[in-house]
Amino acid sequence: MICISLYFDEQTNERFSRLSKKIQEFTNVSYEIPYHITLCAGYQNLKLDSVFSSFDIEFVSLGILNNSICVFPIIDASLYNAYKVAQDTIDEQNCNRYYPKGKIFSHVTLCKHLTSKQLSDVFLAIQNNFKPFKGKVVRCSITQTNPYQELNIYKLKEGD
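Now for a quick tour of the structure. (Residues numbered from 1 in each chain as written. Predicted model: local features only at pLDDT ≥ 70, side-chain atom pairs only at ≥ 80, totals over all residues. Heavy atoms only, no water.)

In this structure, proline 147 follows asparagine 146 across a cis peptide bond, with omega equal to 5 degrees. Relative to the elements of secondary structure, proline 147 occurs in the loop between β6 (133-144) and β7 (149-155). Within the chain, asparagine 28 stands out as a residue other than glycine whose phi angle is a positive 60 degrees. Checked against the element boundaries, asparagine 28 lands in the loop between α1 (10-27) and β2 (37-42). The residue histidine 113 is not glycine, and still its phi comes out positive at about 65 degrees. (Helix = DSSP H or I, 4+ residues; strand = E, 2+ residues; numbered from the N terminus.)

Here is the structure:
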């Protein structure tokens, strides 16, 4: 599968890392993929014809998605534009079923493949420690999954 994803600055990644370490205290499960938001995913070669500027992003909620612990951002105009640019590169019939064209469920995975008990224990332990925070998107990348490999990296320029 090929994805177009957003990546964050060092300070934002450090916030995610602190949350992930807290999760590891309860699960001994580590998540080795760089923190990111997947904009689109499919089964074709993807190419970005235009790239947007870097932008601030606000993470406001912690939650469970299937067997994963995730952080959820507000979808503002900048994040929506990034989705639009990325999704315009993919044919609808080639989309991964979890990332259908025109649909957005924005999240950053902190840990996955947890049991029901681990999910419950972790969520109870970290929910009170989570506070909304602001971060910064600084690059976009086209990646291949399984094995994870960055195929094309776009360092985003500062916005106006």
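That was the structure; now back to the text.
Tracing the chain through its elements places leucine 48 in the loop between β2 and β3 (55-65). With relative accessibility at 6%, the residue leucine 48 sits in the buried group. Distance in space between the C-alpha atoms of leucine 48 and isoleucine 90 is 9.9 Å, their sequence separation being 42 residues. Setting aside residues up to four positions removed in sequence, leucine 48 forms contacts with Ile4, Val85, Ala86, Thr89, Cys140, Ile142 and Tyr154. (Buried < 20%, exposed > 50% of the residue type's maximum accessible area, 1.4 Å probe, protein only. Contact = heavy atoms within 4.5 Å.)

Quick look at helix α3 (residues 116-126) now. In an α-helix, one turn spans 3.6 residues; hence positions three or four apart end up facing the same way. Within the span of α3, buried status applies to Gln118, Leu119, Val122 and Ile126. Down the axis of α3, the buried set is contained in an arc of 100 degrees. They therefore lie on one face. Residues of α3 that are exposed and angled more than 90 degrees away from the buried face: Ser116, Lys117 and Leu124. Looking at the buried positions of α3, the neighbouring elements they touch are α1, β3 and β4 (68-73). (Arc of directions from axis to C-beta.)

Taken as a whole, this structure holds nine aromatic pairs when the rule is applied. Seen from their ring centres, phenylalanine 8 and phenylalanine 16 are 5.3 Å apart, and the 65 degrees between their planes marks the pair as edge-to-face. One exposure class covers both phenylalanine 8 and phenylalanine 16, and it is buried. Between phenylalanine 130 and phenylalanine 133, the aromatic rings sit 6.2 Å apart at their centres with planes inclined by 65 degrees, giving edge-to-face as the arrangement. Three or more aromatic residues joined by ring pairs form one cluster here, namely Phe8, Phe16, Tyr35, Phe59, Phe130 and Phe133. Here the basic side chain of arginine 139 rests over the ring of tyrosine 7, its NZ or CZ set 4.3 Å away from the ring centre. (Phe/Tyr/Trp six-rings, centres within 6.5 Å; stacked < 30°, edge-to-face > 60°. Lys NZ or Arg CZ within 6 Å of the ring centre and 35° of its normal.)

What follows is about the environment of valine 122. With respect to the helices and strands, the residue valine 122 is situated in helix α3. Valine 122 sits in the buried class, given a relative accessible area of 0%. Separated by 98 residues in the primary sequence, valine 122 and glutamine 24 place their C-alpha atoms 8.8 Å from one another.

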